[in-house]
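Examining the three-dimensional arrangement
Here is how the chains run, residue by residue.
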Amino acid sequence: MKIAVQDNLEEVRNFLASQGYEVVSPSNALGAAAMVVTGDIDAREEEHTLALATNPTITTYAPVINAAGKSPEEILQRIREVTGERKA
């Protein structure tokens with residue numbers, strides 16, 4: 001599963017890659033199941049925020065997960081929640 005992760009979240013990027021995810025930069029997010037960022041969104045906004053990934057012919061949306069104050073494990077749990085993925 002492809003997950004876009006903000007470039008400065010190296011610990012999260014490495015953890016998700018070690019768990020078998022295809023980790024890409026937000027600039028290459030087309031087809032990503034979710035996008036992990038740090039930013040000014042709270043938990044309520046996170047529920048309704050979708051990131052736009054586009055190329056000349058395709059536009060997709062992915063749920064946004066705010067990484068601020070969360071461990072890589074908590075982020076993984078949130079990815080599983082928003083994508084409907086079951087634990088392996």
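Everything numeric in this text was worked out from a predicted model, so none of it was measured.

The next thing to look at is the pattern of salt bridges. Here the structure, examined in full by the defined rule, presents 2 salt bridges. Measuring nitrogen to oxygen at the nearest pair gives 3.7 Å for the salt bridge that ties Arg 13 to Asp 7. With a relative accessible area of 48%, Asp 7 lands in the partly exposed category. Here Arg 78 makes a salt bridge to Glu 81, at a shortest N to O gap of 3.0 Å. Taken together, the residues span about one helical turn, with Arg 78 and Glu 81 both in helix 3 (residues 72–83) at a distance of 3 residues. Residue class for Glu 81 comes out partly exposed when judged on its relative accessible area of 45%.

In this model helix 3 runs 16 Å from its N-terminal to its C-terminal C-alpha over 12 residues, within 8% of the 16 Å that 1.5 Å per residue would give. Within the span of helix 3, buried status applies to Pro 72, Ile 75, Leu 76, Arg 78, Ile 79 and Arg 80. Note on helix 3: the residue one or two positions beyond its end, Gly 84, has a positive phi of about 75°.

This brings us to the nonpolar core. Residues Ile 3, Val 5, Val 12, Leu 16, Val 36, Ile 75 and Ile 79 are the most contacted members of the largest nonpolar core, which totals 14 residues. Mapped onto this core, the elements with two or more residues apiece are strand 1 (2–5), helix 1 (10–18), strand 3 (34–37) and helix 3. When neighbours within four sequence positions are excluded, Ile 3 is seen to be in contact with Leu 16, Tyr 21, Glu 22, Val 23, Val 24, Ala 32, Ala 33, Ala 34, Val 36 and Ile 79. The next biggest cluster of nonpolar side chains, apart from the first, holds 7 residues, and it includes Ala 29, Met 35, Val 37 and Val 64.

A separate point is the side chain of Ser 25. Turning to its location among the elements, Ser 25 is positioned in the loop between strand 2 (22–24) and strand 3. Here Ser 25 falls in the buried class, since its relative accessible area comes to 17%. A distance of 3.1 Å separates a polar atom in the side chain of Ser 25 from a polar atom in the side chain of Asp 7. In contact with Ser 25, other than residues within four places in its own chain, are Ala 4, Val 5, Asp 7 and Arg 13.

All right, on to helix 1 then. Here helix 1 has its buried residues at Val 12, Arg 13, Phe 15 and Leu 16. Buried residues in helix 1, looked at end-on, bunch into an arc of 170°, giving them a common side. Of the exposed residues in helix 1, those oriented more than 90 degrees away from the buried face are Glu 11 and Ser 18. Buried positions along helix 1 lie against strand 1, strand 2, strand 3 and helix 3.

Moving on to the confidence of the model for the protein chain. Looking at the protein chain, the pLDDT average stands at 81 and 74% of residues meet or exceed 70. Looking across the protein chain, the model is least confident in helix 2 (residues 43–48), with a mean pLDDT of 50, and most confident in helix 1, with 97.

Calculation rules
Residues numbered from 1 in each chain as written. Predicted model: local features only at pLDDT ≥ 70, side-chain atom pairs only at ≥ 80, totals over all residues. Heavy atoms only, no water. Salt bridge = Lys/Arg side-chain N within 4 Å of Asp/Glu carboxyl O. Buried < 20%, exposed > 50% of the residue type's maximum accessible area, 1.4 Å probe, protein only. Helix = DSSP H or I, 4+ residues; strand = E, 2+ residues; numbered from the N terminus. Expected span 1.5 Å × (residues − 1). Core = buried A, V, L, I, M, F, W, Y, C linked by side-chain atoms within 4.5 Å. Contact = heavy atoms within 4.5 Å. Polar contact = N/O pair within 3.5 Å; in protein donor to acceptor, adjacent residues only side chain to side chain. Arc of directions from axis to C-beta. pLDDT = per-residue confidence, 0-100.

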